[in-house]
Amino acid sequence: MGYIDEIFTQVREQNIAQKEFLQAVEEVLESLRPVIERDEAFYRREALLERLVNPERIVIFRVPWVDDAGNARINKGFRVQYNGSIGPYKGGLRFHPTVNLSVMKFLSFEQNFKNSLTALPMGGAKGGADFDPKGKSDREIMRFCQSFMTELYKYIGSDTDVPAGDIGVGAREIGYMYGQYRRIKGAYEGGVLTGKGLSFGGSLARTEATGYGLLYLTQEMLRCNGSDIAGKTVAVSGAGNVAIYAIEKAWQLGAKPVTCSDSTGWIYDPDGIDVAILKEVKEVRRARLTEYAKARPNAQYHEGKGVWTVKCDIALPCATQNELLLDDAKALVANGVTAVAEGANMPTSLEATKYLQEKGVLFCPGKASNAGGVAVSGLEMAQNSMRYSWTFEEVDNKLKEIMIRIFHNLDDAAKEYGMAGNYVAGANIAGFLKLANAMLAQGIV
Ligand code: NDP
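Rules behind the numbers
- Residues numbered from 1 in each chain as written.
- Predicted model: local features only at pLDDT ≥ 70, side-chain atom pairs only at ≥ 80, totals over all residues.
- Heavy atoms only, no water.
- Pairing = 2+ DSSP bridges.
- Helix = DSSP H or I, 4+ residues; strand = E, 2+ residues; numbered from the N terminus.
- Axes fitted to C-alpha atoms, helices over the stretch in contact; angles between N-to-C directions.
- Contact = heavy atoms within 4.5 Å.
- Buried < 20%, exposed > 50% of the residue type's maximum accessible area, 1.4 Å probe, protein only.
- Near = heavy atom within 4 Å.
- Polar contact = N/O pair within 3.5 Å; in protein donor to acceptor, adjacent residues only side chain to side chain.
- Areas by Shrake-Rupley, 256 points an atom, 1.4 Å probe, with all protein chains shown as cover.
- Nonpolar A, V, L, I, M, F, W, Y, C, P; charged D, E, K, R; others polar.

J.: I'd love a proper account of the sheet that holds strand β5 (residues 161-164), names of residues and values included.
T.: Neighbouring strands of a sheet are bound in pairs by backbone hydrogen bonds; such pairs are parallel or else antiparallel. Strand order in this open sheet of five strands is β1-β2-β4-β3-β5, and the pairing throughout is mixed. Edge positions in the sheet fall to β1 (57-66) and β5, since each of these pairs with one other strand and no more. Going across the sheet, the axis of each strand differs from the next one's by a mean of 20°, ignoring polarity. As paired elements, strand β3 (residues 89-95) and β5 share four bridges and run parallel to each other. Each bridged residue has a counterpart across the sheet, and for Tyr89 the counterpart in β5 is Asp161. In the packing of helix α5 (residues 101-118) onto the sheet, contacts are made with β1, β2 (72-83), β3 and β4 (123-129), and the angle to β4 comes to roughly 150°.

J.: Can you break down unusual backbone geometry residue by residue, with the values?
T.: You will see that Met346, though not glycine, has its phi angle at about 50°, which is positive. Looking at the element boundaries, Met346 is found in the loop between β12 (339-341) and α13 (350-358). Taking relative accessible area as the criterion, Met346 reaches 5% and is therefore assigned buried. Positive phi outside glycine occurs at Arg387, with the angle close to 50°. Its place among the elements puts Arg387 in the loop between α15 (372-386) and α16 (392-416). Assessed through its relative accessible area of 74%, Arg387 is described here as exposed.

J.: I'd like a rundown of the site of the ligand, residues and numbers included.
T.: Among the 25 residues in the neighbourhood of the ligand, the closest are listed as Asp166, Thr210, Ser263, Arg288 and Asn345. Between an oxygen atom of the ligand and a side-chain N or O atom of Thr210, the distance comes to 2.7 Å. For the ligand, an oxygen atom lies 2.9 Å from a polar atom in the backbone of Val242. Starting from 880 Å² of accessible surface for the ligand in isolation, the protein chains cover 84%. When residues of the shell around the ligand are traced back to their parent elements, those giving at least two are α8 (206-224) and α9 (241-252). Of the residues belonging to the shell around the ligand, the class tally is six nonpolar, 12 polar and seven charged.

Now the structure itself:
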(Lines give C-alpha, C1' and ligand atoms only; values in the text may rest on other atoms or scores of the structure.)
Protein backbone atom coordinates (compact mmCIF):
# COMPACT_ATOMS: atom_id res chain seq x y z
CA MET A 1 0.00 0.00 0.00
CA GLY A 2 1.34 3.49 -0.83
CA TYR A 3 2.22 5.89 1.99
CA ILE A 4 -0.81 8.15 1.42
CA ASP A 5 -3.29 5.24 1.47
CA GLU A 6 -1.62 3.73 4.51
CA ILE A 7 -1.96 7.00 6.44
CA PHE A 8 -5.53 7.58 5.38
CA THR A 9 -6.46 4.04 6.46
CA GLN A 10 -4.84 4.71 9.84
CA VAL A 11 -6.63 8.05 10.25
CA ARG A 12 -9.95 6.42 9.35
CA GLU A 13 -9.48 3.59 11.85
CA GLN A 14 -8.47 5.92 14.64
CA ASN A 15 -11.20 8.53 14.09
CA ILE A 16 -14.16 6.44 12.98
CA ALA A 17 -16.97 8.78 14.03
CA GLN A 18 -15.24 12.06 13.04
CA LYS A 19 -16.79 12.59 9.61
CA GLU A 20 -15.86 16.25 9.08
CA PHE A 21 -12.26 15.56 10.11
CA LEU A 22 -12.02 12.54 7.79
CA GLN A 23 -13.50 14.58 4.93
CA ALA A 24 -10.88 17.31 5.36
CA VAL A 25 -7.99 14.85 5.64
CA GLU A 26 -9.16 12.86 2.60
CA GLU A 27 -9.33 15.98 0.44
CA VAL A 28 -5.84 17.10 1.43
CA LEU A 29 -4.12 13.70 1.20
CA GLU A 30 -5.66 13.02 -2.22
CA SER A 31 -4.14 16.23 -3.59
CA LEU A 32 -0.75 15.58 -2.03
CA ARG A 33 -0.34 12.30 -3.90
CA PRO A 34 1.88 13.71 -6.69
CA VAL A 35 4.09 15.51 -4.16
CA ILE A 36 4.53 12.55 -1.83
CA GLU A 37 5.04 10.10 -4.68
CA ARG A 38 8.03 12.11 -5.93
CA ASP A 39 9.95 11.14 -2.77
CA GLU A 40 7.85 8.64 -0.86
CA ALA A 41 10.69 6.85 0.97
CA PHE A 42 11.99 10.13 2.37
CA TYR A 43 8.60 11.34 3.62
CA ARG A 44 7.89 7.93 5.14
CA ARG A 45 11.21 7.86 6.95
CA GLU A 46 10.46 11.30 8.43
CA ALA A 47 6.89 10.18 9.36
CA LEU A 48 5.84 13.49 7.87
CA LEU A 49 2.26 12.53 7.13
CA GLU A 50 1.74 11.04 10.59
CA ARG A 51 2.96 14.34 12.02
CA LEU A 52 0.77 16.27 9.61
CA VAL A 53 -2.47 14.49 10.56
CA ASN A 54 -1.95 14.28 14.33
CA PRO A 55 -2.46 17.52 16.28
CA GLU A 56 0.32 18.62 18.63
CA ARG A 57 -2.17 19.16 21.46
CA ILE A 58 -5.92 19.07 22.18
CA VAL A 59 -7.44 20.66 25.26
CA ILE A 60 -11.05 19.85 26.22
CA PHE A 61 -12.61 21.51 29.22
CA ARG A 62 -15.82 22.12 31.12
CA VAL A 63 -17.33 25.62 30.93
CA PRO A 64 -19.68 26.28 33.86
CA TRP A 65 -21.81 29.44 33.86
CA VAL A 66 -25.03 30.76 35.38
CA ASP A 67 -28.00 31.85 33.26
CA ASP A 68 -30.26 34.82 33.99
CA ALA A 69 -32.74 32.61 35.85
CA GLY A 70 -30.01 31.49 38.25
CA ASN A 71 -29.58 27.99 36.80
CA ALA A 72 -26.12 26.46 36.53
CA ARG A 73 -25.29 25.54 32.92
CA ILE A 74 -22.42 23.47 31.55
CA ASN A 75 -20.87 23.50 28.08
CA LYS A 76 -17.86 21.81 26.55
CA GLY A 77 -14.88 23.95 25.49
CA PHE A 78 -12.12 22.99 23.04
CA ARG A 79 -8.77 24.21 21.74
CA VAL A 80 -6.89 22.19 19.16
CA GLN A 81 -3.29 23.37 18.70
CA TYR A 82 -2.54 21.52 15.51
CA ASN A 83 0.81 22.58 14.18
CA GLY A 84 3.06 25.35 15.50
CA SER A 85 5.96 24.98 13.04
CA ILE A 86 5.37 28.23 11.15
CA GLY A 87 4.47 30.50 14.06
CA PRO A 88 2.29 30.80 17.18
CA TYR A 89 -0.90 28.74 16.88
CA LYS A 90 -3.59 30.87 15.26
CA GLY A 91 -7.24 30.21 14.49
CA GLY A 92 -10.72 31.26 15.51
CA LEU A 93 -13.13 30.26 18.26
CA ARG A 94 -16.58 28.97 17.26
CA PHE A 95 -19.61 29.06 19.57
CA HIS A 96 -22.33 26.90 18.03
CA PRO A 97 -24.33 23.87 19.22
CA THR A 98 -22.82 21.73 16.42
CA VAL A 99 -19.27 22.14 17.80
CA ASN A 100 -17.64 18.81 18.65
CA LEU A 101 -14.18 17.26 18.45
CA SER A 102 -14.56 16.32 14.77
CA VAL A 103 -15.52 19.86 13.76
CA MET A 104 -12.69 21.34 15.84
CA LYS A 105 -10.14 18.95 14.31
CA PHE A 106 -11.29 19.56 10.75
CA LEU A 107 -11.19 23.33 11.19
CA SER A 108 -7.75 23.34 12.81
CA PHE A 109 -6.34 20.88 10.25
CA GLU A 110 -7.52 23.20 7.44
CA GLN A 111 -6.14 26.20 9.31
CA ASN A 112 -2.57 24.82 9.01
CA PHE A 113 -2.69 25.06 5.23
CA LYS A 114 -4.59 28.35 5.17
CA ASN A 115 -2.12 30.07 7.48
CA SER A 116 0.78 28.66 5.51
CA LEU A 117 -0.73 30.08 2.28
CA THR A 118 -0.89 33.62 3.73
CA ALA A 119 2.93 33.59 4.01
CA LEU A 120 2.58 35.16 7.48
CA PRO A 121 4.18 33.49 10.53
CA MET A 122 1.17 31.66 11.99
CA GLY A 123 0.67 28.03 13.01
CA GLY A 124 -2.71 26.28 12.83
CA ALA A 125 -5.32 26.00 15.61
CA LYS A 126 -9.04 26.26 16.24
CA GLY A 127 -11.29 26.20 19.27
CA GLY A 128 -14.73 26.95 20.59
CA ALA A 129 -17.63 25.53 22.53
CA ASP A 130 -20.97 23.81 21.96
CA PHE A 131 -22.61 26.91 23.41
CA ASP A 132 -25.54 28.41 21.50
CA PRO A 133 -25.45 32.22 21.68
CA LYS A 134 -28.92 32.46 20.09
CA GLY A 135 -31.53 33.82 22.46
CA LYS A 136 -29.00 34.50 25.23
CA SER A 137 -28.94 37.89 26.92
CA ASP A 138 -25.88 40.08 26.69
CA ARG A 139 -25.04 39.33 30.33
CA GLU A 140 -25.31 35.58 29.72
CA ILE A 141 -22.93 35.90 26.78
CA MET A 142 -20.53 37.85 28.99
CA ARG A 143 -20.62 35.29 31.81
CA PHE A 144 -20.09 32.45 29.34
CA CYS A 145 -17.13 34.21 27.69
CA GLN A 146 -15.57 34.94 31.10
CA SER A 147 -15.89 31.33 32.20
CA PHE A 148 -14.54 30.05 28.88
CA MET A 149 -11.48 32.31 29.17
CA THR A 150 -10.91 31.37 32.81
CA GLU A 151 -9.80 27.97 31.54
CA LEU A 152 -8.51 28.88 28.07
CA TYR A 153 -6.05 31.53 29.34
CA LYS A 154 -3.72 28.77 30.57
CA TYR A 155 -3.00 27.65 27.04
CA ILE A 156 -2.78 30.88 25.03
CA GLY A 157 -0.49 33.92 24.77
CA SER A 158 0.80 36.35 22.16
CA ASP A 159 3.82 34.11 21.42
CA THR A 160 2.09 30.76 21.94
CA ASP A 161 -1.50 30.76 20.69
CA VAL A 162 -3.63 33.66 19.45
CA PRO A 163 -7.37 32.91 19.06
CA ALA A 164 -9.82 35.04 17.04
CA GLY A 165 -13.54 34.90 16.14
CA ASP A 166 -15.52 32.49 13.99
CA ILE A 167 -19.21 31.49 13.88
CA GLY A 168 -20.94 32.95 16.94
CA VAL A 169 -17.85 34.86 18.07
CA GLY A 170 -17.61 38.46 16.94
CA ALA A 171 -16.27 41.70 18.40
CA ARG A 172 -18.60 41.54 21.43
CA GLU A 173 -17.43 38.08 22.50
CA ILE A 174 -13.75 38.85 21.80
CA GLY A 175 -14.13 41.97 23.98
CA TYR A 176 -15.52 39.98 26.92
CA MET A 177 -12.84 37.31 26.56
CA TYR A 178 -10.05 39.87 26.33
CA GLY A 179 -11.35 41.65 29.45
CA GLN A 180 -11.25 38.41 31.42
CA TYR A 181 -7.78 37.49 30.12
CA ARG A 182 -6.41 40.90 31.13
CA ARG A 183 -7.99 40.60 34.55
CA ILE A 184 -6.54 37.14 35.22
CA LYS A 185 -3.07 37.94 33.88
CA GLY A 186 -2.85 41.45 35.32
CA ALA A 187 -1.12 42.60 32.14
CA TYR A 188 -2.09 44.32 28.91
CA GLU A 189 -1.15 41.66 26.39
CA GLY A 190 -3.06 42.95 23.35
CA GLY A 191 -1.56 40.41 20.97
CA VAL A 192 -3.24 37.46 22.71
CA LEU A 193 -6.49 37.75 20.72
CA THR A 194 -7.33 39.22 17.32
CA GLY A 195 -10.60 40.65 16.10
CA LYS A 196 -10.49 43.08 19.02
CA GLY A 197 -12.48 46.32 19.10
CA LEU A 198 -10.77 49.36 17.58
CA SER A 199 -10.56 51.11 20.97
CA PHE A 200 -8.32 48.37 22.44
CA GLY A 201 -5.90 47.23 19.75
CA GLY A 202 -8.09 45.89 16.97
CA SER A 203 -7.14 46.38 13.33
CA LEU A 204 -9.10 48.46 10.88
CA ALA A 205 -10.54 46.25 8.12
CA ARG A 206 -10.49 43.07 10.27
CA THR A 207 -14.30 42.98 10.29
CA GLU A 208 -14.40 43.24 6.50
CA ALA A 209 -11.33 41.11 5.84
CA THR A 210 -12.73 37.65 5.10
CA GLY A 211 -15.55 38.84 2.84
CA TYR A 212 -13.42 41.44 1.06
CA GLY A 213 -10.55 38.99 0.66
CA LEU A 214 -12.91 36.41 -0.84
CA LEU A 215 -13.93 38.89 -3.52
CA TYR A 216 -10.36 40.02 -4.24
CA LEU A 217 -9.34 36.43 -4.84
CA THR A 218 -12.45 35.66 -6.91
CA GLN A 219 -11.79 38.72 -9.06
CA GLU A 220 -8.20 37.59 -9.69
CA MET A 221 -9.26 34.00 -10.44
CA LEU A 222 -11.76 35.27 -13.03
CA ARG A 223 -9.26 37.73 -14.49
CA CYS A 224 -6.66 34.99 -14.96
CA ASN A 225 -9.30 32.93 -16.76
CA GLY A 226 -10.21 35.71 -19.16
CA SER A 227 -13.31 36.93 -17.35
CA ASP A 228 -14.36 40.00 -15.36
CA ILE A 229 -16.33 40.07 -12.13
CA ALA A 230 -18.11 43.30 -13.10
CA GLY A 231 -21.65 42.68 -14.31
CA LYS A 232 -21.87 39.17 -12.82
CA THR A 233 -24.79 37.93 -10.71
CA VAL A 234 -23.66 36.45 -7.40
CA ALA A 235 -25.43 34.01 -5.07
CA VAL A 236 -24.19 34.22 -1.47
CA SER A 237 -25.20 31.99 1.45
CA GLY A 238 -24.99 33.08 5.08
CA ALA A 239 -25.79 36.44 6.60
CA GLY A 240 -22.99 36.70 9.13
CA ASN A 241 -19.61 38.39 9.14
CA VAL A 242 -18.23 36.73 6.01
CA ALA A 243 -21.42 36.95 3.93
CA ILE A 244 -22.19 40.60 4.73
CA TYR A 245 -18.78 41.88 3.66
CA ALA A 246 -18.63 39.56 0.65
CA ILE A 247 -21.90 41.14 -0.48
CA GLU A 248 -20.58 44.64 0.20
CA LYS A 249 -17.37 44.07 -1.81
CA ALA A 250 -19.26 42.31 -4.64
CA TRP A 251 -21.23 45.54 -5.17
CA GLN A 252 -18.03 47.61 -5.02
CA LEU A 253 -16.48 45.48 -7.76
CA GLY A 254 -19.50 45.96 -10.02
CA ALA A 255 -21.21 42.60 -9.44
CA LYS A 256 -24.77 42.09 -8.21
CA PRO A 257 -25.31 39.89 -5.13
CA VAL A 258 -28.90 38.64 -5.07
CA THR A 259 -29.15 36.16 -2.18
CA CYS A 260 -28.27 35.59 1.47
CA SER A 261 -29.41 33.05 4.08
CA ASP A 262 -29.40 32.12 7.74
CA SER A 263 -30.11 28.92 9.60
CA THR A 264 -33.88 29.24 9.16
CA GLY A 265 -34.39 30.64 5.65
CA TRP A 266 -33.06 32.54 2.67
CA ILE A 267 -33.63 35.72 0.68
CA TYR A 268 -33.78 36.27 -3.06
CA ASP A 269 -33.71 39.98 -3.82
CA PRO A 270 -33.95 40.59 -7.59
CA ASP A 271 -32.83 44.20 -7.10
CA GLY A 272 -29.69 43.03 -5.33
CA ILE A 273 -29.15 42.68 -1.56
CA ASP A 274 -29.35 46.01 0.27
CA VAL A 275 -26.25 45.90 2.49
CA ALA A 276 -27.35 48.68 4.83
CA ILE A 277 -30.60 46.88 5.64
CA LEU A 278 -28.83 43.54 6.00
CA LYS A 279 -26.32 45.05 8.46
CA GLU A 280 -29.12 46.69 10.43
CA VAL A 281 -31.04 43.39 10.69
CA LYS A 282 -28.07 41.12 11.43
CA GLU A 283 -25.36 43.23 13.08
CA VAL A 284 -27.46 45.71 15.04
CA ARG A 285 -30.75 43.95 15.80
CA ARG A 286 -29.44 40.33 15.56
CA ALA A 287 -32.84 39.49 14.02
CA ARG A 288 -34.08 36.93 11.46
CA LEU A 289 -34.04 37.49 7.69
CA THR A 290 -37.81 37.86 7.69
CA GLU A 291 -37.07 41.38 8.95
CA TYR A 292 -35.01 42.05 5.81
CA ALA A 293 -37.90 40.92 3.61
CA LYS A 294 -40.28 43.26 5.46
CA ALA A 295 -38.05 46.20 4.55
CA ARG A 296 -37.68 45.24 0.85
CA PRO A 297 -41.01 44.78 -0.95
CA ASN A 298 -39.46 43.02 -4.00
CA ALA A 299 -37.44 40.56 -1.93
CA GLN A 300 -38.70 37.01 -1.45
CA TYR A 301 -38.17 35.13 1.82
CA HIS A 302 -38.20 31.32 1.74
CA GLU A 303 -38.05 28.93 4.68
CA GLY A 304 -35.28 26.29 4.68
CA LYS A 305 -32.49 25.99 2.11
CA GLY A 306 -32.52 27.07 -1.54
CA VAL A 307 -29.90 29.70 -2.32
CA TRP A 308 -28.21 27.44 -4.89
CA THR A 309 -31.37 27.14 -6.99
CA VAL A 310 -31.11 30.79 -8.02
CA LYS A 311 -29.64 31.58 -11.45
CA CYS A 312 -26.17 33.10 -10.97
CA ASP A 313 -22.71 33.37 -12.53
CA ILE A 314 -20.77 33.11 -9.27
CA ALA A 315 -21.64 31.21 -6.08
CA LEU A 316 -20.06 32.13 -2.75
CA PRO A 317 -20.97 29.75 0.11
CA CYS A 318 -20.33 31.78 3.29
CA ALA A 319 -22.36 30.05 6.05
CA THR A 320 -20.95 26.76 7.32
CA GLN A 321 -19.50 23.33 6.44
CA ASN A 322 -21.31 20.99 4.02
CA GLU A 323 -23.94 23.46 2.88
CA LEU A 324 -23.34 22.93 -0.86
CA LEU A 325 -24.02 19.28 -1.73
CA LEU A 326 -24.07 17.36 -5.00
CA ASP A 327 -27.67 18.30 -5.87
CA ASP A 328 -26.87 21.95 -5.20
CA ALA A 329 -23.85 21.72 -7.49
CA LYS A 330 -26.04 20.20 -10.21
CA ALA A 331 -28.57 23.00 -9.85
CA LEU A 332 -25.82 25.64 -10.06
CA VAL A 333 -24.32 24.07 -13.19
CA ALA A 334 -27.75 23.74 -14.81
CA ASN A 335 -28.21 27.47 -14.19
CA GLY A 336 -24.89 28.35 -15.82
CA VAL A 337 -22.59 29.06 -12.85
CA THR A 338 -18.99 29.69 -13.92
CA ALA A 339 -17.18 30.12 -10.59
CA VAL A 340 -17.54 28.97 -6.99
CA ALA A 341 -15.30 30.37 -4.24
CA GLU A 342 -15.71 29.26 -0.64
CA GLY A 343 -16.11 31.94 2.03
CA ALA A 344 -16.95 29.39 4.71
CA ASN A 345 -14.72 26.49 5.74
CA MET A 346 -15.44 23.30 3.74
CA PRO A 347 -18.98 24.36 2.71
CA THR A 348 -18.80 22.15 -0.40
CA SER A 349 -18.90 18.36 -0.06
CA LEU A 350 -16.22 16.28 -1.82
CA GLU A 351 -18.77 14.98 -4.37
CA ALA A 352 -20.04 18.48 -5.14
CA THR A 353 -16.49 19.79 -5.54
CA LYS A 354 -15.58 16.99 -7.97
CA TYR A 355 -18.77 17.57 -9.97
CA LEU A 356 -18.13 21.32 -10.29
CA GLN A 357 -14.53 20.72 -11.36
CA GLU A 358 -15.57 18.10 -13.92
CA LYS A 359 -18.06 20.57 -15.39
CA GLY A 360 -15.31 23.16 -15.85
CA VAL A 361 -16.50 25.50 -13.08
CA LEU A 362 -13.64 27.51 -11.54
CA PHE A 363 -13.52 26.34 -7.93
CA CYS A 364 -11.46 27.88 -5.13
CA PRO A 365 -11.35 26.14 -1.72
CA GLY A 366 -11.91 28.07 1.50
CA LYS A 367 -8.42 27.52 2.83
CA ALA A 368 -7.30 29.93 0.09
CA SER A 369 -10.33 32.09 -0.65
CA ASN A 370 -11.31 32.83 2.96
CA ALA A 371 -7.74 33.35 4.18
CA GLY A 372 -8.26 37.13 4.26
CA GLY A 373 -9.60 36.96 7.82
CA VAL A 374 -6.60 35.25 9.30
CA ALA A 375 -4.28 37.33 7.11
CA VAL A 376 -5.61 40.56 8.64
CA SER A 377 -5.46 38.89 12.06
CA GLY A 378 -1.76 38.42 11.29
CA LEU A 379 -1.57 42.13 10.41
CA GLU A 380 -3.36 42.92 13.70
CA MET A 381 -0.64 40.97 15.56
CA ALA A 382 2.02 42.93 13.66
CA GLN A 383 0.38 46.25 14.60
CA ASN A 384 0.04 45.17 18.25
CA SER A 385 3.75 44.28 18.35
CA MET A 386 4.67 47.68 16.91
CA ARG A 387 2.09 49.42 19.16
CA TYR A 388 0.98 51.23 16.04
CA SER A 389 -2.10 51.23 13.77
CA TRP A 390 -2.27 51.30 10.01
CA THR A 391 -5.11 53.11 8.22
CA PHE A 392 -8.02 51.23 6.69
CA GLU A 393 -6.55 51.76 3.21
CA GLU A 394 -3.14 50.45 4.26
CA VAL A 395 -4.62 47.26 5.70
CA ASP A 396 -7.04 46.83 2.80
CA ASN A 397 -4.21 47.23 0.25
CA LYS A 398 -2.08 44.66 2.07
CA LEU A 399 -5.10 42.31 2.19
CA LYS A 400 -5.62 42.66 -1.55
CA GLU A 401 -1.93 41.98 -2.24
CA ILE A 402 -2.01 38.90 -0.02
CA MET A 403 -5.14 37.48 -1.70
CA ILE A 404 -3.71 38.00 -5.17
CA ARG A 405 -0.45 36.37 -4.11
CA ILE A 406 -2.32 33.42 -2.60
CA PHE A 407 -4.17 32.86 -5.86
CA HIS A 408 -0.95 32.87 -7.87
CA ASN A 409 0.76 30.53 -5.38
CA LEU A 410 -1.93 27.92 -5.78
CA ASP A 411 -2.26 28.46 -9.52
CA ASP A 412 1.52 27.97 -9.91
CA ALA A 413 1.57 24.90 -7.64
CA ALA A 414 -1.27 23.28 -9.60
CA LYS A 415 0.59 23.90 -12.86
CA GLU A 416 3.90 22.62 -11.51
CA TYR A 417 2.31 19.31 -10.56
CA GLY A 418 0.47 18.90 -13.87
CA MET A 419 -2.99 19.88 -12.60
CA ALA A 420 -3.47 23.33 -14.11
CA GLY A 421 -6.78 24.88 -13.04
CA ASN A 422 -7.23 22.48 -10.10
CA TYR A 423 -7.12 25.08 -7.34
CA VAL A 424 -8.01 22.57 -4.62
CA ALA A 425 -4.86 20.61 -5.38
CA GLY A 426 -2.88 23.84 -5.83
CA ALA A 427 -3.92 25.20 -2.41
CA ASN A 428 -3.19 21.94 -0.61
CA ILE A 429 0.19 21.52 -2.30
CA ALA A 430 1.34 25.13 -1.84
CA GLY A 431 0.20 25.13 1.80
CA PHE A 432 1.82 21.76 2.45
CA LEU A 433 5.22 22.54 0.90
CA LYS A 434 5.89 25.50 3.18
CA LEU A 435 4.63 23.67 6.24
CA ALA A 436 6.65 20.54 5.39
CA ASN A 437 9.82 22.61 4.95
CA ALA A 438 9.35 24.22 8.36
CA MET A 439 8.64 20.86 10.00
CA LEU A 440 11.61 19.14 8.40
CA ALA A 441 13.97 21.99 9.29
CA GLN A 442 12.99 21.72 12.97
CA GLY A 443 13.80 18.02 13.30
CA ILE A 444 11.57 15.31 14.72
CA VAL A 445 9.40 17.35 17.08
P1 NDP B 1 -21.29 34.22 11.65
O2 NDP B 1 -21.66 33.58 12.94
O3 NDP B 1 -21.06 35.67 11.62
O4 NDP B 1 -22.35 33.86 10.52
C5 NDP B 1 -22.63 32.55 10.16
C6 NDP B 1 -23.80 32.57 9.20
O7 NDP B 1 -24.05 31.25 8.74
C8 NDP B 1 -25.08 33.03 9.85
O9 NDP B 1 -25.88 33.65 8.88
C10 NDP B 1 -25.70 31.72 10.33
O11 NDP B 1 -27.11 31.80 10.45
C12 NDP B 1 -25.32 30.78 9.22
N13 NDP B 1 -25.14 29.42 9.76
C14 NDP B 1 -24.29 29.02 10.73
N15 NDP B 1 -24.42 27.72 10.99
C16 NDP B 1 -25.38 27.29 10.16
C17 NDP B 1 -25.97 26.02 9.93
N18 NDP B 1 -25.59 24.94 10.63
N19 NDP B 1 -26.94 25.95 8.97
C20 NDP B 1 -27.31 27.04 8.26
N21 NDP B 1 -26.78 28.27 8.44
C22 NDP B 1 -25.84 28.38 9.37
O23 NDP B 1 -19.98 33.43 11.16
P24 NDP B 1 -18.91 33.88 10.08
O25 NDP B 1 -19.56 34.66 9.01
O26 NDP B 1 -17.76 34.44 10.82
O27 NDP B 1 -18.42 32.45 9.53
C28 NDP B 1 -19.05 31.83 8.42
C29 NDP B 1 -18.11 30.78 7.85
O30 NDP B 1 -16.89 31.41 7.43
C31 NDP B 1 -17.70 29.66 8.81
O32 NDP B 1 -17.49 28.48 8.08
C33 NDP B 1 -16.35 30.16 9.32
O34 NDP B 1 -15.54 29.11 9.79
C35 NDP B 1 -15.79 30.77 8.05
N36 NDP B 1 -14.72 31.74 8.24
C37 NDP B 1 -14.92 32.86 8.99
C38 NDP B 1 -13.89 33.78 9.13
C39 NDP B 1 -14.08 35.07 9.83
O40 NDP B 1 -13.16 35.90 9.78
N41 NDP B 1 -15.21 35.33 10.47
C42 NDP B 1 -12.57 33.53 8.53
C43 NDP B 1 -12.51 32.36 7.70
C44 NDP B 1 -13.54 31.50 7.60
P45 NDP B 1 -27.75 32.05 11.90
O46 NDP B 1 -27.40 33.44 12.26
O47 NDP B 1 -29.20 31.83 11.72
O48 NDP B 1 -27.11 31.03 12.79
